[in-house]
Amino acid sequence: GALFAAGAAHAEYPERPINMVVPFAAGGPTDNVARSLAEAMRPSLGQTVVVENKGGAGGTIGTTQVARAQPDGYSILLMHAGFSTAPSLYKNPGYDPFTSFEPVGLVVDVPMTIVARSDFPPNTIAELADYVKKNKDKVSLANAGIGAASHLCGTMLVEALGVQLLTIPYKGTAPAMNDLLGKQVDLMCDQTTNTTQQIEGGKVKAYAVTSLKRVPTLPKLPTMDESGYKGFEVGIWHGMWVPKGTPKPVVDKLVKSLQAGLADPKFQERMKQLGATVLTSEANPDALTAKVKQQVPQWAELFKKAGIEKQ
Ligand code: MLT
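Scope of this entry: the structure provided in the associated data block.

Things to note about the site of the ligand
- Inspection of the region around the ligand gives F24, P29, T30, H80, A144, A148, A149, S150, G172, T173 and Q191 as its neighbouring residues.
- The separation between an oxygen atom of the ligand and a polar side-chain atom of T30 is 2.7 Å.
- One nitrogen or oxygen atom from the side chain of S150 is found 2.6 Å from an oxygen atom belonging to the ligand.
- For the ligand, the protein covers 100% of the area, taking 270 Å² as the surface of the free molecule.
- Every element with two or more residues in the shell around the ligand is listed here: helix 2 (29-45) and helix 6 (149-161).

So, the pairing of strand 2 (residues 49-53)
- Here strand 1 (residues 18-22) pairs with strand 2 via five bridges, running parallel. Considered in strand 2, the bridge of I18 is made with V49.

Some points on the nonpolar core
- Grouped together as the largest cluster of nonpolar side chains are 87 residues, with contacts concentrated most on M20, L37, V107, L187 and M240.
- Looking at this core, the element that brings in the most residues is strand 4 (residues 101-117), giving nine residues.
- Look past the residues within four positions of M240 in its chain and what remains in contact with it is M20, L37, M41, I76, L77, L78, P103, V104, G105, V107, L258 and L288.
- Among the nonpolar cores identified, the runner-up in size contains 14 residues, and A142, A176, L180 and L218 belong to it.

Quick word on the pairing of strand 7 (residues 187-191)
- In terms of burial, strand 7 is largely enclosed, as five of its five residues are buried.
- On strand 7, burial covers both faces: L187, C189 and Q191 on one face and M188 and D190 on the other are all buried.
- Inspection of the sheet shows strand 4 paired to strand 7 by five bridges, in the antiparallel sense. Along strand 7, the bridge assignment pairs M112 with Q191.
- Sheet analysis places strand 5 (residues 140-143) next to strand 7, joined by two bridges and oriented parallel. Residue pairing for strand 7: A142 is matched across the bridge by M188.

Comments concerning helix 9 (residues 248-263)
- For helix 9, which comprises 16 residues, the first-to-last C-alpha distance of 23 Å matches the rise-based estimate of 22 Å (1.5 Å per residue) to within 8%.
- Here helix 9 has its buried residues at V250, V251, L254, V255, S257, L258, G261 and L262.

With respect to helix 7 (residues 173-181)
- Residues of helix 7 that are buried: T173, A174, A176, M177 and L180. Buried residues of helix 7, seen end-on, are gathered within an arc of 160° and therefore sit on one face of the element.
- Where helix 7 terminates, the next one or two residues include K183, which has phi positive at roughly 65°.

Thresholds applied
Residues numbered from 1 in each chain as written. Predicted model: local features only at pLDDT ≥ 70, side-chain atom pairs only at ≥ 80, totals over all residues. Heavy atoms only, no water. Near = heavy atom within 4 Å. Polar contact = N/O pair within 3.5 Å; in protein donor to acceptor, adjacent residues only side chain to side chain. Areas by Shrake-Rupley, 256 points an atom, 1.4 Å probe, with all protein chains shown as cover. Helix = DSSP H or I, 4+ residues; strand = E, 2+ residues; numbered from the N terminus. Pairing = 2+ DSSP bridges. Core = buried A, V, L, I, M, F, W, Y, C linked by side-chain atoms within 4.5 Å. Buried < 20%, exposed > 50% of the residue type's maximum accessible area, 1.4 Å probe, protein only. Contact = heavy atoms within 4.5 Å. Expected span 1.5 Å × (residues − 1). Arc of directions from axis to C-beta.

This is how it looks when you write it as structure tokens:
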């Protein structure tokens, strides 16, 4: 009895399902990546990875939830570039990107698209620039809250067009996309992991992609750079983290499982369809640490230039 009980106490991680927090609404870009990855990591973990959507405040609410969770490997975070913007956008983001987490690794990199409701008058990015100048206060721009990818790209778009737009925040770009499809909002800058199907199906109007090269799955869409906005580039990297203090063997197991997940042909095929690049060689803690170190000051600089203050 006692011997077996002691043995059971040292059973290998994971012994039960793992919670993967997505800090945005279900059915959106981050959720699409997370659910495919959760499935792809299951065989190597021998446990189910359950996705929990915890949206709000540009992703800071869900991210903070994981920062405060037990460091036992049963709470993991799947977040994107917005992870590194919160400290320069919020007085109290709820977490510190350098000290609140143990990094697991980078996951994917996703380009963005500038899209509009299907009956929005402008047909090209040049027409859009002209239209927003003439209709200043009437044009609405959806985003997923301050610090979300759609907000970052939207901020760059507003800067590029030189016109303020009326921004409407959502808990993720899935509900924002619903309103775009329902023609309740005009414009959005959103990741291809949410927009590809709607663009291909002609459900939304698309103007441009935000990568420097065209996206193979959306070959007809010009880049912002080639449309006259030289150097306009935003790519949304995604990473995985666990709370600070998670034991090293647990982190190691997650790193191995992440790498196995990224190597899964089904995961790779799905990401390719959605225009995402799988970051196979950067799926490790060192690469993610380096990314965050480089990104935090870079975004801080951009917000400073754009005159955006902490709220
Ligand atoms: C989402 O999953 O809803 C998005 O990643 C939101 C965003 O950051 O724009």
